Amino acid sequence: MTGPLKHRRESSAAGASPFGHLAARPLDRLAARAMDVLFPPQCLRCRALVEGPGSLCGDCWREVSFVTEPHCACCGHPFAHDVGEAAVCGACAAQPPSYGRARAVMVYNDASRDLVLGFKYADATHAAPSYGRWLARAGRTCLADADMLVPVPLHWMRLFRRRYNQAALLAHALAKETGVPVSPRALVRRRRTPPLGRLNREARRQRLSGAIAVNPEQAPDLKDRRVVLVDDVMTTGETVEACAKQVLRAGARSVDVLSLARAVRTEV
Ligand SMILES: [Zn+2]
Ligand SMILES: [Zn+2]
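Here we summarise the structure given alongside this text. (Residues numbered from 1 in each chain as written. Chains lettered and ligands numbered in written order. Predicted model: local features only at pLDDT ≥ 70, side-chain atom pairs only at ≥ 80, totals over all residues.)

### Here's the deal with unusual backbone geometry
The test is simple: Put simply, DSSP marks the helices as runs of H or I at least four residues long and the strands as runs of E at least two long, and each gets a number from the N terminus on. Each residue is classified by how many other C-beta atoms fall within 10 Å of its C-beta atom, where C-beta atoms are placed from the backbone; a count of 20 or more means buried, 12 or fewer means exposed, and values in between mean partly exposed.
Cis rather than trans, the peptide bond between glutamate 69 and proline 70 has omega equal to 5°. Of note, arginine 47 is a non-glycine position whose phi angle comes to about 70°, a positive value. The residue arginine 47 is located in the loop between helix 1 (20-38) and helix 2 (58-63) in this model. Backbone geometry at aspartate 224 places phi at a positive 65°, although glycine is not the residue there. Tracing the sequence through the fold places aspartate 224 in the loop between helix 10 (219-222) and strand 5 (226-234). Classification of aspartate 224 as exposed rests on a count of 9 C-beta atoms within 10 Å.

Laid out in structure tokens, this is it:
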């Protein structure tokens, strides 16, 4: 992030130093230097030594494919050629999604898969601040007038096994970066959704419909709000579609989607 977002507020209060503003800086710098000596910063993907914490080494940087323009104005699918700012892909033209815009930081490939899986399973939670910054940059158009961030929910059984919902972690990191508040329990999974990969489109849709619901206690908070859903990976887009439908049904004004990585189709 180079410039502050419109929504940036005093988000560093929780991390404020008890020594006051002036004294905090040299002490923080000293502490950071000590940490660098004890735990030299490593590449988020391959753990090679890097200059600063929360970054990628040169080799991994080249392998990660960041989503850039041109892309579909709706789902954010990258285009090979520039076909105009408002152009939408074939899939969005054939069946417009319920959400307004979806944006992602990276294309889902071998390199980003390592990052996503590391974040999901291998306790790479230290990467969250970097991912928050990346999400803020990729989603700046959606975030400029957003009221609320809502993570895609994880069933409590999985939550129990994994200890944290990676989407919620990303949403909190993004909130720190932008000042847009998180509503971590606005959406819930009513029943466990089995892996959807092998099912056909219709079967997947049926499994998902009814599996995701708005938390009744949080429903009034969604009314007339501009919501941004946050997830780690967008594959078929059906999970975020199910989430968007529920959020809109609860009266939200709009829903956009931000994810760390997104799958790309060969046919656009
Ligand atoms: Zn690396
Ligand atoms: Zn599209």
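### So, the pairing of strand 5
Quick note on the threshold: Should DSSP find at least two bridges between two strands, the strands are taken to pair.
In terms of residue burial, strand 5 counts as a mostly covered element, since 8 of its 9 residues are buried. Here strand 2 (residues 148-151) pairs with strand 5 via 4 bridges, running parallel. Residue pairing across strands places methionine 148 opposite valine 227, the latter belonging to strand 5. Direction of pairing for strand 5 relative to strand 6 (residues 254-262): parallel, over a ladder of 8 bridges.

### Digging into the sheet that holds strand 2
Let me state the cut-off plainly: Here, axes are lines fitted to C-alpha atoms. For helices the fit covers the stretch in contact, and angles between N-to-C directions go from 0 to 180 degrees. By definition, residue pairs are in contact when their C-beta atoms, positioned from the backbone, come within 7 Å.
Spatially, the 4 strands line up as an open sheet ordered 1-6-5-2, and their pairing is parallel. The outermost strands of the open sheet, each flanked by one partner alone, are strand 1 (102-107) and strand 2. The mean angle between the axes of side-by-side strands here comes to 20°, regardless of whether they run parallel or antiparallel. In the packing of helix 5 (residues 128-138) onto the sheet, the strands contacted are strand 1 and strand 6, and the crossing angle to strand 1 comes to about 130°.

### What about the environment of glutamate 85?
Within the element layout of this structure, glutamate 85 appears in the loop between helix 2 and helix 3 (90-94). In sequence terms glutamate 85 and cysteine 72 are 13 residues apart; their C-alpha atoms lie 8.2 Å from each other.

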